[in-house]
Amino acid sequence: QVQLAESGGGLVQAGGSLRLSCAASGRTFAIIATDWFRQAPGKEREFVARLRWGGGTTIADSVKGRFTISRDNAKNLVNLQMNSLKPEDTAVYYCAALMQGGTETYWGQGTQVTVSS
């Protein structure tokens with residue numbers, strides 16, 4: 001019903017920046033929030049940020065002050081701007097769409113972010 005695709009991952013040095021994008025298709029009119037999560041090898045999947053289509057954003061304490069979530073209205077993308085990257089930010093980053101009613105969530109396939117020291 002909803003398909004998500006992440007892009008923008010890559011290899012950067014510590015202190016550098018990356019911008020990830022999440023594109024959605026299908027029943028996009030029913031999406032009430034778009035989230036970013038990340039998962040490092042051997043770690044639990046961790047919440048990073050949420051954009052609520054009705055207004056408002058939430059940023060995880062672990063990345064607050066460095067990461068920003070926003071919408072690119074012209075291209076219908078949700079972006080995650082990542083600045084001052086640290087090696088501990090290395091993970092696969094996923095976007096997720098929370099649907100109206102709160103009973104369905106769709107996930108993208110993820111994009112790898114690697115931060116070297």
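Our structure's up above, just so we're on the same page.
First, a word on what this report is: a plain description of the structure on this page.

Thresholds applied
Residues numbered from 1 in each chain as written. Predicted model: local features only at pLDDT ≥ 70, side-chain atom pairs only at ≥ 80, totals over all residues. Heavy atoms only, no water. Helix = DSSP H or I, 4+ residues; strand = E, 2+ residues; numbered from the N terminus. Rg over C-alpha atoms; globule rule 2.2 N^0.38 Å. Buried < 20%, exposed > 50% of the residue type's maximum accessible area, 1.4 Å probe, protein only. Areas by Shrake-Rupley, 256 points an atom, 1.4 Å probe, with all protein chains shown as cover. Lys, Arg positive; Asp, Glu negative; His and termini not counted. Charge placed at Lys NZ, Arg CZ, Asp CG, Glu CD. Pairing = 2+ DSSP bridges. Phe/Tyr/Trp six-rings, centres within 6.5 Å; stacked < 30°, edge-to-face > 60°. Lys NZ or Arg CZ within 6 Å of the ring centre and 35° of its normal.

**Some details on the overall build of the chain**
When helices and strands are tallied, the chain shows zero helices and 11 strands. Ordered by position from the N terminus, the helices and strands of the chain form the series β-β-β-β-β-β-β-β-β-β-β. In terms of overall dimensions, the chain is globule-like: its C-alpha atoms have a radius of gyration of 14 Å, near the 13 Å expected for 117 residues. Dimensions of the chain, computed from the C-alpha atoms along their principal axes, are close to 40 × 30 × 25 Å. For the chain, with 117 residues in total, the buried portion stands at 38%. Per element, the accessible surface of the chain, about 6,200 Å² overall, is 47% carbon and sulfur. Computed over 12 positive and 9 negative side-chain charges, the separation of the two mean positions in the chain equals 5 Å.

**Things to note about the pairing of strand S8 (residues 77-82)**
Counted residue by residue, S8 has five buried out of six residues, so it is predominantly covered. Bridge analysis of strand S3 (residues 18-26) against S8 gives six bridges, and the strand direction is antiparallel. When the bridges of S8 are listed, serine 21 appears paired with asparagine 79. Of the strand pairs in this sheet, strand S7 (residues 67-72) and S8 are connected by six bridges, and their pairing is antiparallel. Opposite isoleucine 69, over in S8, you have leucine 80 as the bridge partner. Counting the residues between successive antiparallel strands, the hairpin from S7 to S8 contains four residues, one of them, asparagine 76, with a positive phi of roughly 55°.

**Topic: the packing of aromatic side chains**
Two aromatic rings are characterised by how far apart their centres lie and by the angle between their planes. Enumeration according to the criterion identifies two aromatic pairs in this entry. Centroid distance phenylalanine 37 to phenylalanine 47: 5.6 Å. Interplanar angle 80°. Geometry classified as edge-to-face. Of this pair, phenylalanine 37 sits in strand S4 (residues 31-39) while phenylalanine 47 sits in strand S5 (residues 46-52), placing them 10 residues apart in sequence. Taken together, Phe37, Phe47 and Trp107 form an aromatic cluster joined through their ring pairs. Directly above the ring of tryptophan 107 sits arginine 45, whose terminal nitrogen or CZ lies 4.7 Å from the centroid.

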